[in-house]
Amino acid sequence: MSKYRISKKNFGVIVELTVMAIILAMCDFRTDMTVPLEPIAISTLPGVSGSIDTSRDEVVDILDQWPENPRVSLGLSAAGTFRPGEPIELHVQSDARYPVQSAHIRLYIPEYEAGRLTNFGDRFQIPINVSLPTVADWELERMEIRQQVARSTQINIPSPGYYQVIAVVDAKEPIGDKVDLLSQPVANTYVLERWLYIGADGGRLTDYFDTDLIPAGMVRNSGPFREIRSDKDSRLVANVESAGSGSSLAANDNVVYLVYWDIASGSYKPAIGGSVLSGKSLSGIMIDGPTQVIGVNGFVTLPCSNGTWYVTSTLNDPRFNVSSAYYQEEYLYCGDTRTLVTGLGEYDAFVRLKSSIPAIVNAIGYNRSSVTFLVNYPGSPCSPNSCYSPAKDKVYIPLNHAIGWHWALTHEYGHALNNASLGGLWNAANCSVHEVYLVSSYSCALLEGFADYIGTLGASVVGTVDPGLNWDVFRVYVPNNSGAIEGNVAALFYHLAGLYSPYYVSTVFKTCNTKTASSGWQLRSTVHQLIWCLENRTNASVQSAHFPGTTLWTGYSESAVEPAGWNADVIRSLWIALVGN
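Residues numbered from 1 in each chain as written. Predicted model: local features only at pLDDT ≥ 70, side-chain atom pairs only at ≥ 80, totals over all residues. Heavy atoms only, no water.

### Some remarks on the overall build of the chain
So, step 1. Within the chain, the secondary structure is distributed over 12 helices and 28 strands.
So, step 2. Relative to its 581 residues, the chain shows a buried fraction of 57%.
So, step 3. Within the chain, counting contacts between residues at least 6 apart in sequence, those at least 24 apart form 71% of the total.
So, step 4. Roughly 22300 Å² of accessible area belongs to the chain as shown, and the carbon and sulfur atoms make up 50% of that amount. (Helix = DSSP H or I, 4+ residues; strand = E, 2+ residues; numbered from the N terminus. Buried < 20%, exposed > 50% of the residue type's maximum accessible area, 1.4 Å probe, protein only. Contact = heavy atoms within 4.5 Å. Areas by Shrake-Rupley, 256 points an atom, 1.4 Å probe, with all protein chains shown as cover.)

Okay, structure coming up:
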């Protein structure tokens, strides 16, 4: 799929589709092909659903289970006293949503294994670039659809603390098994994160890292509990060994590592590009200090001086920041070496967004202020799905979207960019459950189609576009409603950007206003408003033919400069082929 280019051959195919009228051209996630499809079958197609919550005066876009559609999903439960040194039963249940040839389940408690390798309590250290063993490892044989298989293991954690539990399943499809072209793309890897609280008076398994469970006087950090020490406990020791050979560290410098859990290797790795926010406690008053970016060596240094350093991890870029409920804070004294761990999925989202957001901004020529992405956040208004909340100007992303489906991140960024810099969002009709392939409304299709286009533009930078969202060949025909299908609108944006430029199309989208003979100007919120701004003309009979029953716009206004080769008739042929009837 080309990024912005439309060939003469492809354009000819699009125009031809206007005549054929009932051809749906799409590609599945393995191969490109066109498939004749009767309009009645469209109602069975999966897609991307969303919601507009007008009761809270905000637009919430929700991605349904299509992108996070695992071959095997996992559940985790625990039983026991949850006291140090006493056995705990961990139960993992696998649920086959599709036929499975085989599946490999890995169960990690990384800080438990790190404590066994280094020590528990105040001497606990996170080993970096060291593969840690699983606490359990299971191979499952063939499973039929909806079949469930449970496995259990027993552990004994000797030290009180709050430990991360990670379950990963890698499934294989049966040999020769082919998912129908119109089926949902299936993810063969699924990741589950939970937290195991071990206390002297008992504990429990929690869905999120709850800082309220950390006892007073203990560092708010995962793993075994460690005390927040006082100045009198400062250690004046050399730390050159921690920084590696050839280091220029002073003898008593503090060393702070920032790492993430790498699922593929089963080890902690440096979170290169992330940063550490540091500050000092002087006479009990916290004073913010510098933020330092993690380089290829994986650590930053802080000079030894009077007062206590405190550090937290941040994943910030000028255009965005990524955070979650997994809070990390450490206190340092002269000569300390400490390691901060980013939340599972945070660093994956950070790396993907760091490449895709600049590419989006550079392509369309519009920027916005920094926006926050919250990964696996307990207060998400759309859990377990993805959404953008304009009221909070935040994007909420579940774990398996952050790790496994880049398009979800950049689709939601498209809404955030639209809201802040491209004219703003609007309440759209029939958008509470919308899907890429299905009829919603002209206003919903424009709202979501633009975000679909931006999502693909950003995801294609790192080669993670789901081929099922190939706007180059996308076309769903529904009589009198083709323009109310967001996938058709996304394809229109895609082809217009290839024909002219992403900047031109985005400027028309941002500045388009239309009016009727009896009403004032209205900022675009429907597909048929946008097309007249693109054409720089209106035509009542053409609009009635292709958007029956809609408001007839008699005037248009937009501030884009038409590029070389601009042709209103070519634009009309293009939009009729994709969103016309």
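### Here's the deal with the state of the cysteines
In protein chemistry, a disulfide is the covalent bond that joins the sulfur atoms of two cysteines.
So, step 1. Taken as a whole and judged by the stated rule, the model has three disulfides.
So, step 2. Across a sulfur-sulfur distance of 2.0 Å, Cys431 and Cys444 are joined as a disulfide pair. When the S-S torsion is 65°, as for the bridge of Cys431 with Cys444, the disulfide is right-handed. Taken as a pair, Cys431 in the loop between α6 (406-421) and α7 (442-459) and Cys444 in helix α7 lie far apart in primary sequence, 13 residues in all.
So, step 3. Note on Cys431: relative accessible area 2%, which makes it buried. (Disulfide = S-S within 2.5 Å.)

### Re the environment of Thr514
So, step 1. Along the chain, Thr514 turns up in strand β26 (residues 513-515).
So, step 2. Linking Thr514 and Trp553, residues 39 residues apart in sequence, is a C-alpha distance of 6.3 Å.
So, step 3. The residues touching Thr514, leaving out its near neighbours within four places in the chain, are Gly520, Trp521, Gln522, Gln529, Cys533, Trp553, Gly555 and Tyr556.

### Details of the nonpolar core
So, step 1. Among the nonpolar cores identified, the biggest contains 92 residues, and Val322, Ile364, Phe373, Phe493 and Trp575 are the most heavily contacted of them.
So, step 2. At 10 residues, α7 tops the list of elements feeding residues into this core.
So, step 3. Non-local contacts of Ile364, meaning those with residues more than four positions away in its chain, are made with Leu417, Leu422, Ile454, Leu457, Pro502, Tyr503 and Ser506.
So, step 4. Judged by nonpolar contacts, the second largest core, of 32 residues, contains Val72, Val100, Val149 and Tyr163. (Core = buried A, V, L, I, M, F, W, Y, C linked by side-chain atoms within 4.5 Å.)

### Some details on helix α8 (residues 486-499)
Working note: α-helix, 3.6 residues per turn, so residues spaced by three or four point in the same direction.
So, step 1. Here α8 contains 14 residues, and its C-alpha end-to-end distance of 20 Å stays within 8% of the 20 Å for a straight helix at 1.5 Å per residue.
So, step 2. The element α8 is largely enclosed, with a buried count of 13 among its 14 residues. (Expected span 1.5 Å × (residues − 1).)

### What about the packing of aromatic side chains?
So, step 1. The full count for this structure, using the stated rule, is 26 aromatic pairs.
So, step 2. Seen from their ring centres, Tyr108 and Trp261 are 5.2 Å apart, and the 70° between their planes marks the pair as edge-to-face. Taken as a pair, Tyr108 in strand β7 (residues 102-108) and Trp261 in strand β14 (residues 254-262) lie far apart in primary sequence, 153 residues in all.
So, step 3. Overall, Tyr108 belongs to the buried group, its relative accessible area being 6%.
So, step 4. Trp261 gets classed as buried once you look at its relative accessible area, which sits at 4%.
So, step 5. Within the aromatic cluster, the residues linked to one another by ring pairs are Tyr162, Trp195, Tyr197, Phe209 and Phe225.
So, step 6. For Arg524, the ring lying beneath its charged end belongs to Phe509, and the centroid distance is 4.2 Å. (Phe/Tyr/Trp six-rings, centres within 6.5 Å; stacked < 30°, edge-to-face > 60°. Lys NZ or Arg CZ within 6 Å of the ring centre and 35° of its normal.)

### Remarks on the environment of Gly217
So, step 1. Here Gly217 is to be found in the loop between β12 (204-206) and β13 (223-224).
So, step 2. Between the alpha carbons of Gly217 and Ile228 there is a distance of 5.7 Å; along the sequence they are 11 residues apart.
So, step 3. Among all residues touching Gly217, those that are not within four sequence positions of it are Arg226, Glu227 and Ile228.

### Focus: the side chain of Ser421
So, step 1. Tracing the chain through its elements places Ser421 in helix α6.
So, step 2. Polar contacts involving the side chain of Ser421 include one to the main-chain carbonyl oxygen of Asn367, which spans 2.5 Å.
So, step 3. Residues contacting Ser421, with those up to four places away along its chain left out, are Tyr366, Asn367, Arg368 and Lys510. (Polar contact = N/O pair within 3.5 Å; in protein donor to acceptor, adjacent residues only side chain to side chain.)

### Some thoughts on the packing of helix α10 (residues 527-535) against helix α12 (residues 568-579)
So, step 1. Interaxial distance between α10 and α12 falls to 9 Å at its minimum, and their mutual angle equals 160°. One way to sum up the angle between α10 and α12 is to call them roughly antiparallel. Here α10 runs over α12; the crossing is right-handed. Two secondary-structure elements touch here, α10 through Val527, Ile531, Trp532, Leu534 and Glu535 and α12 through Ala568, Ile571, Arg572, Trp575 and Val579. (Axes fitted to C-alpha atoms, helices over the stretch in contact; angles between N-to-C directions. Parallel < 35°, antiparallel > 145°, perpendicular 65-115°, else oblique. Left-handed = near helix turned anticlockwise from the far one by under 90°.)

### Quick word on the packing of α7 against α10
Helix-helix packing is described using two parameters, namely the angle between the two axes and the distance between the axes.
So, step 1. One way to put it is that α7 packs onto α10 with a least axis distance of 8 Å and a crossing angle of 65°. What the angle tells us is that α7 and α10 run roughly perpendicular. For the pair formed by α7 and α10, the contact residues are Tyr442, Ala445 and Leu446 on the first element and Val527, His528 and Leu530 on the second.
So, step 2. Of the residues assigned to the contact of α7 with α10, the class counts are five nonpolar, one polar and no charged. (Nonpolar A, V, L, I, M, F, W, Y, C, P; charged D, E, K, R; others polar.)

### Concerning the sheet that holds strand β28 (residues 555-557)
So, step 1. With respect to topology, three strands assemble into an open sheet ordered β27-β26-β28, the strand pairing being antiparallel. Since the sheet does not close on itself, it has two edges, and those belong to β27 (522-523) and β28, each with one partner.
So, step 2. Relative to β28, β26 is paired through three bridges, and the arrangement is antiparallel. Note on β28: the bridge partner recorded for Thr514 is Tyr556. (Pairing = 2+ DSSP bridges.)

### Here we look at the side chain of His528
So, step 1. Along the polypeptide, His528 turns up in helix α10.
So, step 2. A distance of 3.3 Å separates a polar atom in the side chain of His528 from a polar atom in the side chain of Trp553.
So, step 3. With sequence-adjacent residues up to four places away left out, His528 is seen in contact with Tyr442, Gln543, Phe547, Thr550, Thr551 and Trp553.

### Considerations on the pattern of salt bridges
So, step 1. On inspection of all chains with the given rule, the structure shows 12 salt bridges.
So, step 2. Its salt-bridge partner being Glu113, residue Arg116 comes within 3.3 Å of it at the nearest N-O pair. On the criterion of helical spacing, the pair formed by Arg116 and Glu113 is a turn pair, its members being three residues apart in helix α2 (residues 110-117).
So, step 3. Owing to a relative accessible area of 54%, Arg116 belongs among the exposed residues under this scheme.
So, step 4. Judged by relative accessible area, which is 6%, Glu113 ranks as buried.
So, step 5. Each of Glu535, Arg537, Asp569 and Arg572 takes part in one network of salt bridges that share partners. (Salt bridge = Lys/Arg side-chain N within 4 Å of Asp/Glu carboxyl O.)

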